[in-house]
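# Summary of the model geometry
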Amino acid sequence: QVQLVESGGGLVQAGGSLRLSCAASGSIFSINAMGWYRQAPGKRRELVATITTGGSTNYADSVKGRFTISRDNAKNTVYLQMNTLKPEDTAVYYCNADLIPFTGVRRSTWGQGTQVTVSS
């Protein structure tokens, strides 16, 4: 069984910083892209940032210059450093991994989500 476990969410004032972590565990053969998505109340889930195994990154326009995604392939872990947070960043943040388990069927796996709340 494969699972993603996020940590690092919380309450922060506008202008502050948070660092999210997401560790993949279980019977994993390989992990391709990893990423972070978020969903605010009443809104659709949206992409925040993704990173490939080789380190190529992609960001939503709304977070460019403020958020940084990184990964440690040896630890099957992805991070999201969030700086200069704004109230509109408030959402549940979900980790995603495009991976191949030892069962051999490639699939997209989601974490349970971590709440980020930015107060004004």
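Refer to the structure above for everything that follows.
A few points on the structure. (Residues numbered from 1 in each chain as written. Predicted model: local features only at pLDDT ≥ 70, side-chain atom pairs only at ≥ 80, totals over all residues. Heavy atoms only, no water.)

## Notes on the packing of aromatic side chains
Tallied over the full model, the rule gives 2 aromatic pairs. An angle of 65° between the planes, with centres 5.0 Å apart, marks the rings of Tyr37 and Trp110 as edge-to-face. Taken together, the positions of Tyr37 in strand 4 (residues 28-39) and Trp110 in strand 10 (residues 107-110) put the pair 73 residues apart, joining distant regions of the chain. Taking the relative accessible area as the measure of exposure, Tyr37 reaches 19% and is therefore buried. Lying over the aromatic face of Tyr79, Arg19 brings its terminal NZ or CZ to 4.1 Å of the ring centre. In this structure, Arg45 packs its charged tip against the face of Tyr94, placed 3.7 Å from the ring centre. (Phe/Tyr/Trp six-rings, centres within 6.5 Å; stacked < 30°, edge-to-face > 60°. Helix = DSSP H or I, 4+ residues; strand = E, 2+ residues; numbered from the N terminus. Buried < 20%, exposed > 50% of the residue type's maximum accessible area, 1.4 Å probe, protein only. Lys NZ or Arg CZ within 6 Å of the ring centre and 35° of its normal.)

## Topic: the environment of Ser56
Among the secondary structure elements, Ser56 is positioned in the loop between strand 5 (46-51) and strand 6 (57-59). Ser56 gets classed as partly exposed once you look at its relative accessible area, which sits at 49%. With 15 residues separating them along the chain, Ser56 and Pro41 place their C-alpha atoms 30 Å apart.

## Some thoughts on the pairing of strand 7 (residues 67-72)
Only one face of strand 7 is buried, namely the one carrying Phe67, Ile69 and Arg71, since none of Thr68, Ser70 and Asp72 on the opposite face is buried. Here strand 7 runs beside strand 8 (residues 77-82); their pairing, made up of 6 bridges, is antiparallel. Within the sheet, the bridge partner assigned to Thr68 lies in strand 8 and is Gln81. Following strand 7, the chain reverses through 4 residues before pairing antiparallel with strand 8; Asn76 in that reversal takes a positive phi of roughly 50°. (Pairing = 2+ DSSP bridges.)

## Observations regarding the sheet that holds strand 8
Taken together, the 4 strands give an open sheet; going across it, the order is 1-3-8-7, and neighbouring strands pair in antiparallel fashion. Two strands bound the open sheet, and with one partner strand each, they are strand 1 (2-7) and strand 7. Along the sheet, successive strands turn relative to each other by an average axial angle of 15°, direction set aside. With 6 bridges joining them, strand 1 and strand 3 (residues 18-26) adopt antiparallel strand pairing. What sits directly across from Gln3, in strand 3, is Ser25. (Axes fitted to C-alpha atoms, helices over the stretch in contact; angles between N-to-C directions.)

## Points about the pattern of salt bridges
Applying the stated criterion to the full structure yields 5 salt bridges. Here Arg38 makes a salt bridge to Asp89, at a shortest N to O gap of 3.0 Å. One end of the pair, Arg38, is in strand 4; the other, Asp89, is in the loop between strand 8 and strand 9 (91-101), with 51 residues separating them in the sequence. Arg38 gets classed as buried once you look at its relative accessible area, which sits at 6%. Taking the relative accessible area as the measure of exposure, Asp89 reaches 0% and is therefore buried. (Salt bridge = Lys/Arg side-chain N within 4 Å of Asp/Glu carboxyl O.)

So far we have only geometry, and geometry alone does not tell us how the molecule works.
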